[in-house]
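The lines below spell out each chain.
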Amino acid sequence: MITTEFATGSPCWLDLGTPDVRSAAAFYGAVLGWDYESMGESEDFEGGMFRKDGKIVAGLGKLTEEGARSAWMLYFSVTDADATTEAVRQAGGTVRVAPMDLDDWGRMAQYSDPLGGQFAVWQPGTTKGVDLVDQPGSLSWTELYTSDAAAAKEFYGGLFGWQFSDMPLPGGEGTYTLITPAGLPEERMHGGLMELGKENLSLADGRPYWHPVFAVEDCDAAVAKVTENGGSVQMGPEDAEGVGRLAVCLDPANADFVVLTPAES
């Protein structure tokens, strides 16, 4: 489970880069019950925060990088963004956005792993991360699709100290790797990674990519809202034993995410 204690290496923030901020705000409002709070609009910036029941659950901003696809960016908590940046370079990753302060909220940086999967880190200042997780309408899991699971485990394990445990997929269709922050018990696992052929990574032109999993009270109802509001469904809804009912979805700009109604414990 993800918590707001935000241990080092655990997901603590996420934001969406999109070509149309207003359209994205309306879509996620309909699907996840989020309220959008604008932080301003200008030629250089347009974006703000998503809230659920008054609590911040994600950020939203207009895409500024030429040729970039609309996608969710996941941020992992670190104690020193500059040291992490050097470690990314040493491990063969790429620095996309060098460490920078965001007022007194914290310090951030964005990277690509050696195979091209994009992710980010957050060194907390006055803001440790989002206010709500692991509840309906909020982040409950993170997931990496990659063309080389062993390489991903080597890179991220070295960078964050993550602990990994493998489990077989139903029907012998491969392996799913569970991720737990360094030194924490398995009940604090926060995500997973799965190896796919490059032909199955077409959203990112064959490169790996991370996406968020959002908890919802009713997966089928959420999927209906996705399609009613211009999104689409890549997989599901379907039941996953011991996990719950889930669907892999795309918003109207083709940013991918998962909705999950967790299995009753």
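Refer to the preceding data block for the structure.
Attention here is on the structure that accompanies the text. As the structure is a prediction and not an experimental result, all values here were calculated from the model.

So, about the sheet that holds strand S7 (residues 106-112). Reading across from one edge, S2-S3-S4-S1-S5-S8-S7-S6 is the order of the 8 strands in this open sheet, with mixed pairing throughout. Unpaired on one side and paired on the other, strand S2 (35-41) and strand S6 (94-102) mark the two borders of the sheet. On average, adjacent strands in this sheet sit at an angle of 25° to one another, irrespective of strand direction. Note: strand S1 (residues 11-18) against strand S5 (residues 71-77), 6 bridges, orientation antiparallel. Counterpart to Pro11 in the pairing with S5 is Phe76. Packed on one face of the sheet, helix H1 (residues 21-32) meets S1, S2, strand S3 (46-52), strand S4 (55-62) and S5 and runs near 10° to S3. In this fold helix H3 (residues 149-160) packs onto S5 and strand S8 (118-124), with an angle of close to 5° to the strand it touches most, S8.

All right, on to the nonpolar core then. Tyr28, Trp72, Phe119 and Val259 are the most contacted members of the largest nonpolar core, which has 61 residues in total. The biggest single contributor to this core is H1, with 7 residues. Among the domains, domain 1 (10-124) and domain 2 (138-262) are the pair contributing at least three residues each to this core.

Moving on: the packing of H1 against helix H4 (residues 219-228). The geometry of H1 relative to H4 is characterised by a closest axis approach of 8 Å and an angle of 155° between their N-to-C directions. Judged by the angle between their axes, H1 and H4 are roughly antiparallel. For the element pair H1 and H4, the recorded crossing hand is right-handed. Residues Phe27, Ala30 and Val31 of H1 lie in contact with H4, whose contacting residues are Ala222, Lys225 and Val226. In the contact of H1 with H4, the residues fall into 5 nonpolar, no polar and 1 charged.

About the criteria used
- Residues numbered from 1 in each chain as written.
- Predicted model: local features only at pLDDT ≥ 70, side-chain atom pairs only at ≥ 80, totals over all residues.
- Heavy atoms only, no water.
- Pairing = 2+ DSSP bridges.
- Helix = DSSP H or I, 4+ residues; strand = E, 2+ residues; numbered from the N terminus.
- Axes fitted to C-alpha atoms, helices over the stretch in contact; angles between N-to-C directions.
- Contact = heavy atoms within 4.5 Å.
- Core = buried A, V, L, I, M, F, W, Y, C linked by side-chain atoms within 4.5 Å.
- Buried < 20%, exposed > 50% of the residue type's maximum accessible area, 1.4 Å probe, protein only.
- Domains from an automatic or database assignment.
- Parallel < 35°, antiparallel > 145°, perpendicular 65-115°, else oblique.
- Left-handed = near helix turned anticlockwise from the far one by under 90°.
- Nonpolar A, V, L, I, M, F, W, Y, C, P; charged D, E, K, R; others polar.

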